[in-house]
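Structural overview
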Amino acid sequence: MNSSGMALLRLSTSVMAMVLLFLAAACNEEPEEPEISLDELLASTEEELAAMSSVKFEMIDEKKSGTKFFGATLTKVEGEVSNPDSVRLLVDVVTPGLGFAEIEIVAIGEHSYIKFSRGSPWTPLPLEQVPFNFVRLGVTLSELLPVMENATIVYRESIDGARTVRVDGTIVSDELSNLITSVDSGHPIELSLWIDESEHILRRLRIEGQIFDDDALETTRLITLVGVNAPVDIQLPNIASGS
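Just so you know, these numbers come straight off a predicted model, no measurement behind them. (Residues numbered from 1 in each chain as written. Predicted model: local features only at pLDDT ≥ 70, side-chain atom pairs only at ≥ 80, totals over all residues. Heavy atoms only, no water.)

The next point concerns the side chain of Thr219. Tracing the backbone through its elements, the reader meets Thr219 in the loop between β10 (202-208) and β11 (220-226). For Thr219, the contacting residues outside a window of four places in its chain are Asp61, Ser65, Gly66, Ile207, Glu208 and Gly209. (Helix = DSSP H or I, 4+ residues; strand = E, 2+ residues; numbered from the N terminus. Contact = heavy atoms within 4.5 Å.)

Spelled out as structure tokens, the structure:
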């Protein structure tokens, strides 16, 4: 065989080897999961929220422009919820003339108590006086998804290592009445959801717009959920000891 033939044989052998390697790699690849539709994603997330047994969360007033919380400017709420009727809240506020303070609220069933600072005593608090109703938070949030209008997938991004899908839509403030005590009606709300792409768990929720008439127009509240379905221990305070 002449040199040209030998070169052609070597080239053919190399090409065949590359083809075999490509086919072997393709056979070992995991099949891609089918793309889920927006309707399917929202329906699955709604089910996950409704079935949620417990959760820890944080809510911040991103521009500190919301209505007053017991006469103070609310900056952040940290809480934990356990179904069916237990919630514990730590509310960071800035009070006129006094500066930073931390308000603590604990509620189980029909009993709820508030402490206006770390050193103050616990006092009974009617639940209807708490501006935010976080009891059974999962069910409450699940009820928002079916009433969203103009829902669209905006983009994907990673949150705390989890790949999420951001979905934007609109509601009116009336739809938040189960979450926000004494909500004022008729205000347009922009709603943004960050949903775990694989587990369909809601990671974040942004509520943009006026919930109360006294909110500034640019008010945005961001709720971040962590520890979904992880056990939490919520106890009523020992009133006798003040703890």
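This model, assessed by the stated rule, comprises 2 aromatic pairs. Centroid distance Phe132 to Phe134: 5.9 Å. Interplanar angle 25°. Geometry classified as stacked. Given the relative accessible area of 8%, Phe132 is considered buried. With relative accessibility at 2%, the residue Phe134 sits in the buried group. (Phe/Tyr/Trp six-rings, centres within 6.5 Å; stacked < 30°, edge-to-face > 60°. Buried < 20%, exposed > 50% of the residue type's maximum accessible area, 1.4 Å probe, protein only.)

With that out of the way, let us pick up the environment of Thr219. Judged by relative accessible area, which is 0%, Thr219 ranks as buried. Thr219 sits 154 residues away from Ser65 along the chain, and the two C-alpha atoms are 5.5 Å apart. At 2.8 Å, the side chain of Thr219 forms a polar contact with the backbone oxygen of Ala216. (Polar contact = N/O pair within 3.5 Å; in protein donor to acceptor, adjacent residues only side chain to side chain.)

The subject of this paragraph is the nonpolar core. By size, the foremost hydrophobic cluster in this structure holds 49 residues, and its most contacted members are Phe134 and Leu193. Residue contacts for Phe134: discarding those within four places in its chain leaves Phe57, Met59, Val77, Val81, Val87, Leu89 and Leu179. Core analysis: the second largest hydrophobic core is formed by 5 residues, Val106, Trp122, Val232 and Ile234 among them. (Core = buried A, V, L, I, M, F, W, Y, C linked by side-chain atoms within 4.5 Å.)

The subject of this paragraph is the pairing of strand β7 (residues 149-159). Where β7 and strand β8 (residues 162-172) come together, 8 bridges link them in antiparallel fashion. Bridge pairing links Thr152 to Asp168 in β8. Following β7, the chain reverses through 2 residues before pairing antiparallel with β8; Asp160 in that reversal takes a positive phi of roughly 50°. (Pairing = 2+ DSSP bridges.)

Attention now goes to the sheet that holds β10. Spatially, 11 strands are ordered β6-β5-β4-β3-β2-β1-β11-β10-β9-β8-β7 in an open sheet, and the strand pairing comes out antiparallel. With one partner strand each, in any of the chains shown, β6 (123-124) and β7 form the two edges of the open sheet. Sheet topology note: the strand β1 (residues 54-61)/β11 ladder contains 6 bridges and is antiparallel. Its bridge partner lying in β11, Asp61 is registered against Arg221.

Here Arg88 is to be found in strand β3 (residues 86-95). On the basis of relative accessible area, Arg88 is assigned to the partly exposed category, the value being 29%. A sequence separation of 148 residues divides Arg88 from Leu236, and the C-alpha atoms of the two residues are 9.1 Å apart. Sequence-distant contacts of Arg88, that is, excluding residues within four places in its chain, are made with Glu78, Gly79, Glu80, Glu104, Ile105, Val106 and Ile234. Within the structure, the side chain of Arg88 is placed 3.1 Å from the side chain of Glu104, a separation counted as a polar contact.

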